[in-house]
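# Residue-level structural notes
Below are the chains, spelled out letter by letter.
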Amino acid sequence: MHQPLDPSSLAIGPPLILESAAPDRATYLRRPDLGRQLDPESAQHLTRGNWDAAIVVADGPSATAVHRQGPPLIDALMPQLGDWCVAPVCLVQQGRVVIGDEIGERLGARFTIVLIGKRPGLSSPGSLGALSDLGAEIRLQRRGTKCVSNIRQGGLKPELAARRIDAIMCAAFSQELTGVHLKMTFCWIERLAS
């Protein structure tokens with residue numbers, strides 16, 4: 001939980017490197033609210049566009065998970081999203097899941113995918129989660145996200161995770177729903193089979 005994210009060591013790119021309002025790791029751990037918002041300088045780097053999706057990579061509680069699982073998941077995910085107009089990948093230091101709302105809104109993205117290091121545990125160290133939401137906007141309460149979790153070696157492989165994320169995005173757009181209201185129908189099976 002204390003290891004910082006090292007953007008220069010990640011083969012994701014070229015990402016847009018952003019920072020949350022938490023100035024360091026100790027503050028991030030003590031003040032969750034600061035990890036949910038961008039610092040003002042980072043916010044100025046985001047310009048609105050006509051994006052179907054924004055991909056946000058945040059260190060979360062485990063930068064180790066991002067270092068291990070982030071690059072292979074991005075490599076598997078980008079070809080799956082080939083038909084979509086995807087904004088440049090945003091890499092956020094000291095970020096929490098909700099920071100994706102602000103980034104998605106500022107970019108004008110219709111769908112936001114947040115890849116985040118999950119809390120380290122004895123049974124699944126280095127596990128990455130992918131949380132997605134339709135119609136990103138800054139809000140006090142989450143409308144509901146779909147989560148693909150346990151992305152790691154020995155867990156859900158990045159290739160299958162990428163297909164699941166793409167299927168969720170396809171279903172969310174077709175049904176205009178997200179979270180628990182999203183029904184994964186034939187679209188899920190069709191996209192996973194491809």
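The preceding data block contains the structure.
Moving on: the overall build of the protein. A count of helices and strands for the protein gives 6 helices and 6 strands. Looking at the protein as a whole, 50% of its 194 residues qualify as buried. Restricting the contact set of the protein to residue pairs at least 6 apart, pairs at least 24 apart contribute 69%. As displayed, the protein offers around 9200 Å² of accessible surface, 53% of which is attributable to carbon and sulfur atoms.

A few words now on the pairing of strand S3 (residues 90-93). What you see with S3 is no split at all: Cys90 and Val92 on one side and Leu91 and Gln93 on the other are buried throughout. Two elements, strand S1 (residues 16-19) and S3, share 4 bridges in a ladder whose sense is parallel. Within S3, the position partnered with Leu18 by the bridge is Val92. With 3 bridges joining them, strand S2 (residues 54-58) and S3 adopt parallel strand pairing. Directly across from Val57, in S3, lies its bridge partner Leu91. A crossover links S2 with its parallel partner S3, the connecting element being helix H3 (residues 63-80), and its sense is right-handed.

Moving on, we get to the environment of Asp133. Mapped onto the secondary structure, Asp133 falls in strand S5 (residues 128-134). By relative accessible area, which is 2% here, Asp133 ends up buried. Through-space distance from the C-alpha of Asp133 to that of Gly100 is 9.0 Å; in sequence the pair is 33 residues apart.

So, about the pattern of salt bridges. All chains considered together, the criterion is met by 4 salt bridges. Across the salt bridge formed by Asp33 and Arg31, the nearest N and O atoms sit 2.7 Å from each other. Asp33 sits in the partly exposed class, given a relative accessible area of 31%. For the salt bridge of Glu102 with Arg106, the shortest nitrogen-to-oxygen distance reads 2.9 Å. Taken together, the residues Glu102 and Arg106, both in helix H4 (residues 99-107) and 4 residues apart, mark about one turn of the helix. By relative accessible area, which is 35% here, Arg106 ends up partly exposed.

A few words on H3. For H3, built from 18 residues, the straight-helix expectation of 26 Å at 1.5 Å per residue is met to within 8% by its first-to-last C-alpha distance of 25 Å. Of all bends in H3, the biggest is about 45°, found at Gln69, and the proline Pro71 comes one to four residues later. By the burial criterion, the buried members of H3 are Ala63, Ala65, Val66, Gln69, Gly70, Pro71, Leu73, Ile74, Ala76 and Leu77. Where H3 is buried, its residues touch S2, strand S4 (111-117), S5, strand S6 (146-151) and helix H5 (158-175).

What follows covers the sheet that holds S1. Strand order across the open sheet formed by 6 strands is S1-S3-S2-S4-S5-S6, with mixed pairing between neighbours. Strands at the two margins of the open sheet, each flanked by one partner only, are S1 and S6. Adjacent strand axes in the sheet meet at a mean angle of 20° when their direction is disregarded. Relative to S2, H3 is tilted by about 165°, and along the sheet it contacts S2, S4, S5 and S6.

Criteria and cut-off values
- The residue numbering used here restarts from 1 in each chain and proceeds along that chain's sequence as written.
- Thresholds applied to this predicted model are a pLDDT of at least 70 for local features of residues and 80 or more for the giving and counting of side-chain atom pairs; totals over whole chains, interfaces and linings are not thresholded and use all residues.
- Excluding hydrogens and water, the side-chain values take into account all heavy atoms of the structure.
- Comment: elements are numbered from the N terminus, with helices defined as DSSP H or I runs of at least four residues and strands as E runs of at least two.
- To sort residues, take the accessible area from a 1.4 Å probe on protein chains only and compare it with the maximum for the residue type: under 20% means buried, over 50% means exposed, and anything in between is partly exposed.
- Any two residues whose heavy atoms approach within 4.5 Å at even a single point are treated as in contact.
- Note on areas: these come from Shrake-Rupley sampling with a 1.4 Å probe, and a residue is covered only by the protein chains present in the view.
- Strand pairing is assigned whenever DSSP identifies at least 2 bridges connecting the two strands.
- Handedness is read with the strands pointing away from the viewer; a crossover is right-handed when the path from the first strand over the helix to the second is clockwise.
- Take a side-chain nitrogen of Lys or Arg and a carboxyl oxygen of Asp or Glu: if they are within 4 Å of each other, that pair is a salt bridge.
- Expected helix span is given by 1.5 Å per residue-to-residue step, counting one fewer step than there are residues.
- Two axes enter the bend calculation: one fitted to the seven residues ending at the residue in question, the other to the seven starting there, and the bend is the angle between them.
- Axis definition: a line fitted to C-alpha atoms, over the contacting stretch in the case of helices. Angles run 0 to 180 degrees between N-to-C directions.

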